[in-house]
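Spelled out, the chains give:
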Amino acid sequence: LMAGEVIEKEQQDVAHQLAQWVDDGAVIVNMALTNYDGLAEVVELAVLSVADESLLLHSFYRPSVPVSSSGLAVHGYTDSLLADKPVISDDYERLRAFLAERTVLFYSSLQLEANLRYTLDKHDLEPIEFKSINLEDVMKRYYDTNYNVSLNKASGLETSDNVLGDSFIVLAMINEI
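Read on for an overview of the structure. (Residues numbered from 1 in each chain as written. Predicted model: local features only at pLDDT ≥ 70, side-chain atom pairs only at ≥ 80, totals over all residues. Heavy atoms only, no water.)

Some thoughts on the overall build of the chain
Line of reasoning, step 1. When you go through the chain residue by residue, the secondary structure sums to eight helices and five strands.
Line of reasoning, step 2. Reading the chain from its N end, one meets helices and strands in the order α-β-β-β-α-α-α-β-α-β-α-α-α.
Line of reasoning, step 3. Relative to the 2.2 N^0.38 estimate, which gives 16 Å for 177 residues, the radius of gyration of the chain is 17 Å and therefore close to what a compact globule would have.
Line of reasoning, step 4. Overall, the C-alpha framework of the chain stretches about 55 × 30 × 25 Å when taken along its three principal axes.
Line of reasoning, step 5. Here the chain holds 177 residues, and 42% of them are scored as buried.
Line of reasoning, step 6. Look at the contacts in the chain between residues 6 or more apart in sequence, and 65% of them connect residues 24 or more apart.
Line of reasoning, step 7. As presented, the chain carries roughly 9000 Å² of accessible surface, and 48% of it is formed by carbon and sulfur atoms. (Helix = DSSP H or I, 4+ residues; strand = E, 2+ residues; numbered from the N terminus. Rg over C-alpha atoms; globule rule 2.2 N^0.38 Å. Buried < 20%, exposed > 50% of the residue type's maximum accessible area, 1.4 Å probe, protein only. Contact = heavy atoms within 4.5 Å. Areas by Shrake-Rupley, 256 points an atom, 1.4 Å probe, with all protein chains shown as cover.)

Shown next, in the form of structure tokens:
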């Protein structure tokens, strides 16, 4: 196979895998965090159904720790803005219903799965079992690179560090591929 044919076959394989995940009821999960310097609590969460393109859950949460300067720099959510929001345990049953035993698609090098699990644990909630896929790694295969592929590049759309908006951009990227 020539180099171009190898890339084309890899792109076909990625498209087939994405289609399989859609058929299996995959959801896209995106979130904002208290900080971006290690494990952090979720302060905003969006869950989208890929198959029917519906928003299953979108909420802001009051964390148990203050938002750090790195969190504030990314999303701008202050402690006072989050003070009257529910805690994640208020949505736990809905969240479990949407994620349990599903394929969960994240687009990030920020270890969003680990941060979601950390947040659940911090709020004394049972872990939710799901299959986690980091789409950023999948896009490395699609573009035949060892480097992170930004959502901007992968989707061809302008992203904004907006949880809900970027979730729909991930959906558009999947549909395009």
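There's plenty left to go through after this.
Quick word on helix α8 (residues 163-176)
Line of reasoning, step 1. For α8, which comprises 14 residues, the first-to-last C-alpha distance of 20 Å matches the rise-based estimate of 20 Å (1.5 Å per residue) to within 8%.
Line of reasoning, step 2. Among the residues making up α8, those that are buried are Val163, Asp166, Ser167, Ile169, Val170, Leu171, Met173 and Ile174.
Line of reasoning, step 3. N-capping of α8 is provided by asparagine 162, with a side-chain oxygen placed 3.1 Å from the backbone N of leucine 164. (Expected span 1.5 Å × (residues − 1). Polar contact = N/O pair within 3.5 Å; in protein donor to acceptor, adjacent residues only side chain to side chain.)

Description of the pattern of salt bridges
Line of reasoning, step 1. The final tally for this structure, using the stated rule, is seven salt bridges.
Line of reasoning, step 2. Taking the shortest distance from any N to any O, the salt bridge between arginine 141 and glutamate 10 comes out at 2.5 Å. Within this pair, whereas arginine 141 is found in helix α6 (residues 135-142), its partner glutamate 10 is found in helix α1 (residues 3-23), the two being separated by 131 residues in sequence.
Line of reasoning, step 3. For arginine 141, a relative accessible area of 37% gives the class partly exposed. (Salt bridge = Lys/Arg side-chain N within 4 Å of Asp/Glu carboxyl O.)

Regarding the pairing of strand β3 (residues 55-60)
Line of reasoning, step 1. Pairing analysis gives five bridges linking strand β2 (residues 42-49) to β3, with the strands arranged antiparallel. Note on β3: the bridge partner recorded for alanine 46 is histidine 58.
Line of reasoning, step 2. Counting the residues in the hairpin turn of β2 and β3 gives five residues, including glutamate 53, whose phi is positive at 55 degrees. (Pairing = 2+ DSSP bridges.)

What about the nonpolar core?
Line of reasoning, step 1. Membership of the largest hydrophobic core comes to 23 residues, with the highest contact counts inside it found for Val29, Met31, Leu45, Val47, Leu95, Leu99 and Leu116.
Line of reasoning, step 2. Counting only elements with at least two residues in this core, the list comes to β1 (27-33), β2, α4 (92-99), β4 (103-106) and α5 (112-122).
Line of reasoning, step 3. Once residues lying within four places of it in the same chain are set aside, the contact partners of leucine 45 are Val29, Asn30, Met31, Leu57, His58, Ser59, Tyr61, Leu95 and Val163.
Line of reasoning, step 4. Formed by 22 residues, the second largest nonpolar core is a distinct cluster that contains Val14, Leu48, Leu135 and Ile174. (Core = buried A, V, L, I, M, F, W, Y, C linked by side-chain atoms within 4.5 Å.)

Quick notes on the sheet that holds β4
Line of reasoning, step 1. On the basis of which strands lie adjacent, the open sheet formed by five strands has the order β3-β2-β1-β4-β5 and mixed pairing. Looking at strand neighbours, the two that pair on one side only are β3 and β5 (131-134), the edges of this open sheet. For this sheet the average axis-to-axis angle between neighbouring strands, irrespective of direction, equals 25 degrees.
Line of reasoning, step 2. Here β4 runs beside β5; their pairing, made up of four bridges, is parallel. If you follow leucine 105 over to β5, its bridge partner there is isoleucine 133. (Axes fitted to C-alpha atoms, helices over the stretch in contact; angles between N-to-C directions.)

The values reported here are purely geometric and, on their own, carry no functional implication.
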